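Summary of structural features
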Amino acid sequence: MRVITGTARGVRLLTPEGEQTRPTTDRVKEALFNIIQFDIEGRSVLDLFAGTGQLGIEALSRGAKDAVFVDNRSEAVKLIKENLRKTRMQERSTVFTGDYASFLQTTKQRFDLIFLDPPYAESFLENALKRISTIDIVKDGGIIICERPVEKELSQELSGFERSKDYRYGKTIITLYRKTGT
């Protein structure tokens with residue numbers, strides 16, 4: 001797993017041993033960033049189920065202003081911090097150890113891009129989307145980027161957001177929700 005382009009292009013990121021973290025494949029990551037390429041520069045990013053931190057790090061490498069990484073596993077947080085050190089992006093990053101729901105309940109920050117790539121077998125994705133749609137953490141025009149398996153359906157409607165088409169890559173689907181101005 002590596003940073004695809006930008007200031008940290010080619011840097012190999014550390015990955016965890018075992019199967020608790022399922023990193024996004026380079027193919028899916030490249031496709032995802034091609035979709036949002038004009039929405040990254042100077043933006044604030046939230047990588048909510050960060051795992052290795054690769055999605056937020058890729059965004060920082062491509063010009064995002066700053067990023068917040070959240071994961072509830074201490075091993076993942078150590079990995080994220082090490083990957084930020086390797087890519088020299090610590091100054092533009094904040095890493096939180098904790099549950100996604102607790103973070104969403106307490107944060108006062110607002111973001112332009114939110115990456116949601118939770119464990120597939122859980123209902124975290126649906127729950128996070130519902131919670132995000134009820135709190136004011138996405139800036140107008142901001143995007144929620146969801147990665148999910150093909151067998152997991154997502155709501156067509158999300159209050160205050162417009163859903164894009166689905167982008168399918170093998171067994172993975174990328175879905176975007178863009179916040180509409182109110």
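Further up the page is the structure itself.
This text gives an overview of the structure that appears in the document. Just so it is clear, the structure is predicted and the values come from calculations on it, not from any experiment.

**Description of the overall build of the protein chain**
Check the secondary structure of the protein chain and you find five helices and seven strands. When the helices and strands of the protein chain are listed from N to C terminus, the series reads α-β-α-β-α-β-α-β-α-β-β-β. Against the compact-globule benchmark of 16 Å for 182 residues, the protein chain has a radius of gyration of 15 Å, which places it among compact chains. Oriented by its inertia axes, the alpha-carbon framework of the protein chain measures out at about 40 × 30 × 30 Å. For the protein chain, the residues scored as buried account for 49% of the 182 residues in total. Long-range pairs, those at least 24 residues apart, make up 65% of the contacts in the protein chain between residues at least 6 apart in sequence. Summed over all atoms, the accessible surface of the protein chain reaches about 9100 Å², with 46% contributed by carbon and sulfur. Between the averaged position of the 29 positive side-chain charges in the protein chain and that of its 26 negative side-chain charges there is a distance of 3 Å.

**A look at the nonpolar core**
Most often, soluble globular proteins keep nonpolar side chains buried together rather than apart. Within the largest apolar cluster, 28 residues are counted, with the highest numbers of intra-cluster contacts made by Phe-33, Ile-36, Phe-69, Phe-115 and Ile-145. Broken down by secondary-structure element, the contributors of at least two residues to this core are helix H1 (26–35), helix H2 (54–61), strand S2 (66–71), helix H3 (74–87), strand S4 (111–116), strand S5 (138–149) and strand S7 (172–179). With near-sequence residues (within four places) excluded, Phe-33 lies in contact with Ile-40, Leu-55, Glu-58, Ala-59, Arg-62 and Phe-115. Counting 24 residues, the second-largest nonpolar core is a separate cluster that includes Phe-111, Leu-116, Ile-144 and Leu-158.

**Here we look at the pattern of salt bridges**
A side chain of one charge can pair with a side chain of the opposite charge if their charged atoms are brought near each other. In total, this model carries eleven salt bridges according to the counting rule given. Across the salt bridge formed by Glu-58 and Lys-29, the nearest N and O atoms sit 3.8 Å from each other. One end of the pair, Glu-58, is in helix H2; the other, Lys-29, is in helix H1, and 29 residues separate them in sequence. A relative accessible area of 0% means that Glu-58 is categorised as buried. Asp-71 is the salt-bridge partner of Arg-73, the closest N and O atoms lying 3.6 Å from each other. Several salt bridges share partner residues, and in doing so they unite Lys-29, Glu-58 and Arg-62 into one network.

**Side note on the pairing of S7**
Of all eight residues that make up S7, seven are buried, and the element is covered over most of its length. Where S5 lies against S7, seven bridges are found, and the strand directions are antiparallel. Among the inter-strand pairings, Pro-149 is bridged to a residue of S7, identified as Thr-172. Both strand S6 (residues 161–169) and S7 contribute to a ladder of seven bridges, which runs antiparallel. In the sheet register, Glu-162 faces S7, and the bridge partner there is Arg-178.

**Focus: H1**
Taken together, the buried positions of H1 are Val-28, Lys-29, Ala-31, Leu-32 and Phe-33. Buried positions along H1 lie against H2, S4, S5, S6 and S7.

Thresholds applied
Residues numbered from 1 in each chain as written. Predicted model: local features only at pLDDT ≥ 70, side-chain atom pairs only at ≥ 80, totals over all residues. Heavy atoms only, no water. Helix = DSSP H or I, 4+ residues; strand = E, 2+ residues; numbered from the N terminus. Rg over C-alpha atoms; globule rule 2.2 N^0.38 Å. Buried < 20%, exposed > 50% of the residue type's maximum accessible area, 1.4 Å probe, protein only. Contact = heavy atoms within 4.5 Å. Areas by Shrake-Rupley, 256 points an atom, 1.4 Å probe, with all protein chains shown as cover. Lys, Arg positive; Asp, Glu negative; His and termini not counted. Charge placed at Lys NZ, Arg CZ, Asp CG, Glu CD. Core = buried A, V, L, I, M, F, W, Y, C linked by side-chain atoms within 4.5 Å. Salt bridge = Lys/Arg side-chain N within 4 Å of Asp/Glu carboxyl O. Pairing = 2+ DSSP bridges.

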